[in-house]
Structures are given as structure tokens and as C-alpha cells.
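The residues making up each chain are set out below.
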Amino acid sequence: MSDLDLLTQSLARNVKRWRADRGFTLDALAARAGVSRGMLIQIEQARTNPSLGTVVKIGDALGVSITSLLDYEQGPKVRIVPADRAVRLWHTDAGSYSRLLAGGEAPGPLEMWEWRLMPGEGSPSDPHPGGTFELVHVTAGELTLTVDGVEYRVPAGASVSFEADTPHIYANTGDTPMEMVMAVSVPAVQ
């Protein structure tokens, strides 16, 4: 079984489980996540590989981390993720990517990401639920971060934190690759 097949099946199983735990119908989760009921059915039947944006919306609506949605190993409270097991959730032909390094529930979803953006590339993000907070540390290049329409430049070695309940964009407007580590904390679903 390929890694993609394993992730698709894990996502199907975990979306069903978390939806049941929250007491959400398909229609309720679709409305909360802003995705179609048909897409949720395809995900729960492991018949599609949804976009990163769709997985993020479902995780936010359920109040769980992407790690929990993609977790295919039920394990102990201490979990080491070997470098070759970090999940690459998107990539471009030019070499940009994001990898989910680790995550958990504390008391809401908490995730740690590694990102690489090649010159001229960017990744927009829809607003997360109110109370979502992001921490970013740039390790190489310069991040151009736009939050609610305002652009910020974050050079290598600098860090930035912001409330992520508004539209935001991570971009590399420089001429060298930009690398960063990001932590995302989403409040628990009430």
C-alpha cells in the first residue's frame, strides 16, 4: 500500500471518528467546514485525496489537528515522528512544500510545520477559527507575510506571531528559497 493510500484511508477513518465524537451529521460538518456534503462522503469512503485547504477546513471545523486527521498509528502519549515519516501535504514543481512535522491536541489542535517556498511562490490561507494563533520562525531567506491585507517582511533569524482568524498569505518575493518552521494553535471546539 502506498503512503498516499495509507493517508487517504487514515483520513477517511479519522474524519468519520471525529465527526461521530462531535455528534455532527454530514450536513452539519459540511456547513461548519465550508465543504460540500459530497466531498465529505468521498473523503469518508476514501475515494478522494482532498486538497490541503479542504483538510485544514475539516480539521478546524472538528477542532482537531491535521495530525489527528492523518494519524495512521494509534500510539502512546509520547510520539516520535522520524524525519522520513513527516507528511508532505503539498508541493510544487519548483520545489516549494510544506511538511507537517508534529501535532496533537492541547487542549485544541496544536501543529508544527516545516515550510519551504521557492522564489516567486506563495500560499494563501483562509481565516482559521477565532482564537487561532500562529508562530513562525524563518530559518532561511525572507518571508513576505500578508495578514488581513497588510504585508510584513520577516528575514532569516526573525520570528513573527499573529492571530490567524483573518486571511493570510505566506510568500517568497525574494530570489533565494525561504524556509520556516511554524506552530499553529487552534482553540478547542466548544
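That block above? That's the structure.
The structure reproduced in this document is the subject of the present report. From a predicted model like this one, the values you see are computed outputs, not experimental measurements.

**Describing the sheet that holds strand β4 (residues 122-125)**
Pairing in this open sheet of four strands is antiparallel, and the strands run β4-β9-β6-β7 from one edge to the other. One side of each edge strand has no neighbouring strand; the edge strands of this open sheet are β4 and β7 (150-155). Shown here is a sheet whose adjacent strand axes are inclined to one another by a mean of 15 degrees, direction ignored. Relative to β7, strand β6 (residues 142-147) is paired through six bridges, and the arrangement is antiparallel. Note on β7: the bridge partner recorded for T144 is R153.

**Some words on the pairing of strand β10 (residues 178-185)**
Burial along β10 is one-sided: M178, M180, M182 and V184 are buried, while E179, V181, A183 and S185, pointing the other way, are not. Pairing analysis gives eight bridges linking strand β3 (residues 109-117) to β10, with the strands arranged antiparallel. Within β10, the position partnered with W115 by the bridge is M180.

**Notes on the packing of aromatic side chains**
Evaluated as defined, the whole model comprises one aromatic pair. Both rings, one in W115 and one in Y170, keep their centres 5.0 Å apart while their planes meet at 50 degrees; by these two values the pair is tilted. You can see W115 sitting in strand β3 and its partner Y170 sitting in strand β9 (residues 168-171), a full 55 residues away along the chain. For the pair formed by W115 and Y170, the shared burial category is buried.

Conventions and cut-offs
Within any chain, residue numbers begin from 1 and follow the written order of that chain's sequence. Side-chain atom pairs in this predicted model are given and counted only at pLDDT of 80 or more, local residue features only at pLDDT of at least 70, and totals for whole chains, interfaces and linings cover all residues. Hydrogens and water molecules were not included; the side-chain quantities draw on all heavy atoms of the structure. In this description, strands pair whenever DSSP reports at least two bridges between them. Labels follow the DSSP assignment, with helices taken as runs of H or I lasting at least four residues and strands as runs of E lasting at least two, numbered in each case from the N terminus. Between the N-to-C directions of two axes lies an angle of 0 to 180 degrees, each axis being a line fitted to C-alpha atoms and, for a helix, fitted only over the stretch in contact. A simple rule labels every residue: compare its accessible area, found with a 1.4 Å probe on the protein chains alone, to the largest value its type can have, and call it buried under 20%, exposed over 50%, or partly exposed in between. To pair, rings of Phe, Tyr and Trp, with the six-membered ring standing in for Trp, must have centres within 6.5 Å; the planes then decide the type, stacked if under 30 degrees apart, edge-to-face if over 60, and tilted in the middle.

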